[in-house]
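Remarks on the overall topology
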Amino acid sequence: MSTNEPDSRSQADFYQERAKEFVELHDQVETSVHLLDSLESFLSTFQKDLDAVAGQISELQDRSKDIEGRLKSRRRIERPLSSLLSDITIAPSLAATILDTNVGEPWLEAIEQFEKRLITSRSRTRVKAARDLGEVAEGLRIVAATKLRGFFLALFQPIRTSVTTNMQVIQTSVLLKYSPLFGFLQRQAPTVANELQRAYVGAARVYYETGFRRYARSLTWIKARTPEKFEPIASIDERQAELNLDRLQHAKIDGPGVTLSFMADNKTHKEPVEGLLRSLFLVFMDNATAEYTFISSFFASSPSPPSVEASLSLLTPTAVVPTPTMMATPDTIAFAESRSPVTSEYEGSSRQVSGAMPGLGGVVPAVSTKEDQALVDAIWRQAMDPVMEYCQNFVKTVLDPMPGAIPLLTMIRLTEEIVTEIQKRRCPPAENFIFGIRIQMWPVFQKAMHEHIESLKKLAEGTNSGYFSRTSPMTDATVTKAARHYVNFFNSFVCLTEHEEETMIFSNLQRLRDELTKLMNRHTEKITDVVTKATAQSALYEVILQGLSRGTQHTAHLKLQKEIAHWAYLDEEAKRKIVSAGQSHPRRSDMQHA
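Residues numbered from 1 in each chain as written. Predicted model: local features only at pLDDT ≥ 70, side-chain atom pairs only at ≥ 80, totals over all residues. Heavy atoms only, no water.

Scanning the protein chain from terminus to terminus reveals 19 helices and two strands. Residue pairs at least 24 apart in sequence account for 80% of intrachain contacts in the protein chain once pairs closer than 6 positions are excluded. Working note: accessible area of the protein chain is about 31,000 Å², and carbon and sulfur atoms make up 54% of it. (Helix = DSSP H or I, 4+ residues; strand = E, 2+ residues; numbered from the N terminus. Contact = heavy atoms within 4.5 Å. Areas by Shrake-Rupley, 256 points an atom, 1.4 Å probe, with all protein chains shown as cover.)

Our focus in this paragraph is a nonpolar patch on the surface. A surface patch of nonpolar side chains, amounting to about 550 Å² of accessible area, comprises Phe14, Tyr15, Phe22, Leu25, Val29 and Val33. Elements with a minimum of two residues in the nonpolar patch: α1 (4-17) and α2 (19-88). Sorting elements by how many residues they give to the nonpolar patch places α2 first, with four residues. Following the sequence through the fold, Tyr15 ends up in helix α1. (Patch = residues over 30% accessible without salt bridge, like charges linked within 9 Å, V, L, I, M, F, W, Y side chains within 5 Å. Salt bridge = Lys/Arg side-chain N within 4 Å of Asp/Glu carboxyl O.)

This paragraph deals with the environment of Arg131. Structurally, the position occupied by Arg131 is in helix α5 (residues 128-161). By relative accessible area, which is 47% here, Arg131 ends up partly exposed. Note: C-alpha distance between Arg131 and Ile88 (43 residues apart in sequence) is 9.7 Å. (Buried < 20%, exposed > 50% of the residue type's maximum accessible area, 1.4 Å probe, protein only.)

Packing of helix α16 (residues 476-496) against helix α17 (residues 503-524) leaves a shortest axis separation of 11 Å and a crossing angle of 165°. By the angle class used here, α16 and α17 are roughly antiparallel. In this structure, α16 meets α17 at a crossing whose hand is left-handed. Of α17, the residues touching α16 (which contributes Asp476, Val479, Ala482, Ala483, Tyr486, Phe489, Phe490, Phe493 and Val494) are Ile505, Phe506, Leu509, Leu512, Arg513, Leu516, Leu519, Met520 and His523. Of the residues contributing to the contact of α16 with α17, the split by class is 15 nonpolar, one polar and two charged. (Axes fitted to C-alpha atoms, helices over the stretch in contact; angles between N-to-C directions. Parallel < 35°, antiparallel > 145°, perpendicular 65-115°, else oblique. Left-handed = near helix turned anticlockwise from the far one by under 90°. Nonpolar A, V, L, I, M, F, W, Y, C, P; charged D, E, K, R; others polar.)

On inspection of all chains with the given rule, the structure shows 23 aromatic pairs. A centroid spacing of 5.3 Å and a plane angle of 55° characterise the contact between Phe284 and Phe433, whose relative ring orientation is tilted. Note that Phe284 is positioned in helix α10 (residues 273-298) and Phe433 in helix α15 (residues 428-461), a separation of 149 residues in sequence. Both residues of the pair, Phe284 and Phe433, belong to the buried class. When the centroid spacing of 5.8 Å and the interplanar angle of 45° are considered together, the rings of Tyr541 and Trp567 count as tilted. Taken together, the positions of Tyr541 in helix α18 (residues 530-550) and Trp567 in helix α19 (residues 558-593) put the pair 26 residues apart, joining distant regions of the chain. There is no split in this pair, since Tyr541 and Trp567 are both buried. Here a set of aromatic residues connected by ring pairs shows up, and it is made of Phe151, Phe152, Phe156, Tyr178, Phe182, Tyr200, Phe294, Phe298 and Phe299. (Phe/Tyr/Trp six-rings, centres within 6.5 Å; stacked < 30°, edge-to-face > 60°.)

As enumerated under the stated definition, the model contains 22 salt bridges in all. For Glu421, the salt bridge goes to Arg425, with nearest N and O atoms at 3.2 Å. Here Glu421 and its partner Arg425 are both found in helix α14 (residues 405-425), four residues apart, which amounts to about one turn of the helix. Relative accessible area serves as the criterion here: at 1%, Arg425 is assigned to the buried category. Overlapping salt bridges bring together Arg413, Glu416, Arg438 and Glu502 as one network.

Let us look at the packing of helix α6 (residues 167-175) against α10. Look at α6 against α10: their axes get within 11 Å of each other, and the N-to-C directions meet at 25°. The angle between α6 and α10 falls in the class roughly parallel. Remark: the crossing between α6 and α10 carries left-handed chirality. Residues Met167, Gln171 and Leu175 of α6 lie in contact with α10, whose contacting residues are Glu291, Phe294 and Phe298. Grouping the constituent residues of the contact of α6 with α10 by class yields four nonpolar, one polar and one charged.

Our focus in this paragraph is the environment of Met402. Here Met402 is to be found in the loop between α13 (370-399) and α14. Assessed through its relative accessible area of 13%, Met402 is described here as buried. Through-space distance from the C-alpha of Met402 to that of Phe230 is 5.6 Å; in sequence the pair is 172 residues apart. Ignoring sequence-local partners within four residues, the contact set of Met402 consists of Glu228, Lys229, Phe230, Leu408, Val444, Lys447, Ala448 and Glu451.

The linkage connecting Asp400 with the following residue, Pro401, adopts the cis geometry, with an omega of 10°. With respect to the helices and strands, Pro401 occurs in the loop between α13 and α14.

Here it is as structure tokens:
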């Protein structure tokens, strides 16, 4: 016990000595516990905050994706939207040009830009901005149409008021230059365009009617100075038996110069009837084809500006802008080249009419649809009807009284050349008109050839009554003259006929040759002496052969070669008879002498 007590006392002392430390330690432990409790509470709050932040971050990510999607959508429509704003916005300078200036070259670009915006605003009816600008654009359209109407009417006025106006200059240098403005009226103000079309047709009709009336009257005066009346081959003057190559040149476009209207004032000026008709047809051809080309270029349906369709954006993917049928428009230089280089005049106004014509394939605009073709043809006829009437009337005076067969064939060949050239220039109405005149001439030519054939037949029969009362009696001179006239017919027809298959031409010549052969046989059959008869026949054959040999340059023509061979054979037969008769005559004389 005594031992345990000290130990207990020592322990108590030990604890007493460290009681303060234990108290401090206890306080520190309690403090730590409090701190741990606070840390636990903080960590619990922080976890809640982290959960809240995580939710906010997720929400922000969703919002970021939404914003990114919207941004992509905005970027996708940014260019179309910019294009839309550009297309429907009418700049103040553009509006000022239309409202405050007169029509001129600046209008060409201004109207083009304005029409783009006008069509675009009409096609964007779902866009409020386009609807708001629609009224402004419509007002500008009305102002533009009004000013353009006055502008074109002023351009048409010189054509109506004076025949001396150079229509070619107005058409090529002015009207075609401003054709885009008329195209705008066709698309955006068709009523005004139709009014201007009627105004132009009226002006052009007056211009051509006055000009061709004066020109046809001048040709009629010249024609009256050298009246040419048909005479049958048996009655034609001897001076007309020679081949006249100068007159045959009137069968071609590239021939002598045309007759100008002022030449009628010279009372000594004369022209053959085929030359006058050639001048009239060349003037008609040049003016008719040039007018058709202009009408095709200016009045046919005009397309909408091609850039309008390209400007349609994704904002209106189903929008459709109707566009009329497109057609080609020649430039001014190409249009001018379609005219012929030689000039003719309408009381002082110069129009190009004949000469070497360039090929117009690909230059003259081709009308794309039947509707456009019918429209162009109708406008052309309205303007050119008086011209065709004057031409038809002049042709009637040429064909009645009936001219000679050679001038008739010359005029027929001329119409064929004219038709071919008009085909190159693509003017169907004028082509049909000239072709119709050609059809009218063939029966007259056939009648003339029939009269010549009947003339030889009646001369051979010795008939001197009726239409052929002036026919000379059948003498050597008469038969020789008929042979020379036949040679002139044949040479002239060969010069005017390139193809040997011309049945109507050479069948008539065959009939004429048959009657001439009968005439010569009838004339020589009265001669009883064989040598004298054969000599007379050979002399006639020689006249024909000499005329065929020297009368034409077409020596390679198959019909000419056959004709020469025919008469050469007859001549050889006649000479053979002369030789044969000459050999038998001395024998008879010797026998009689013996």
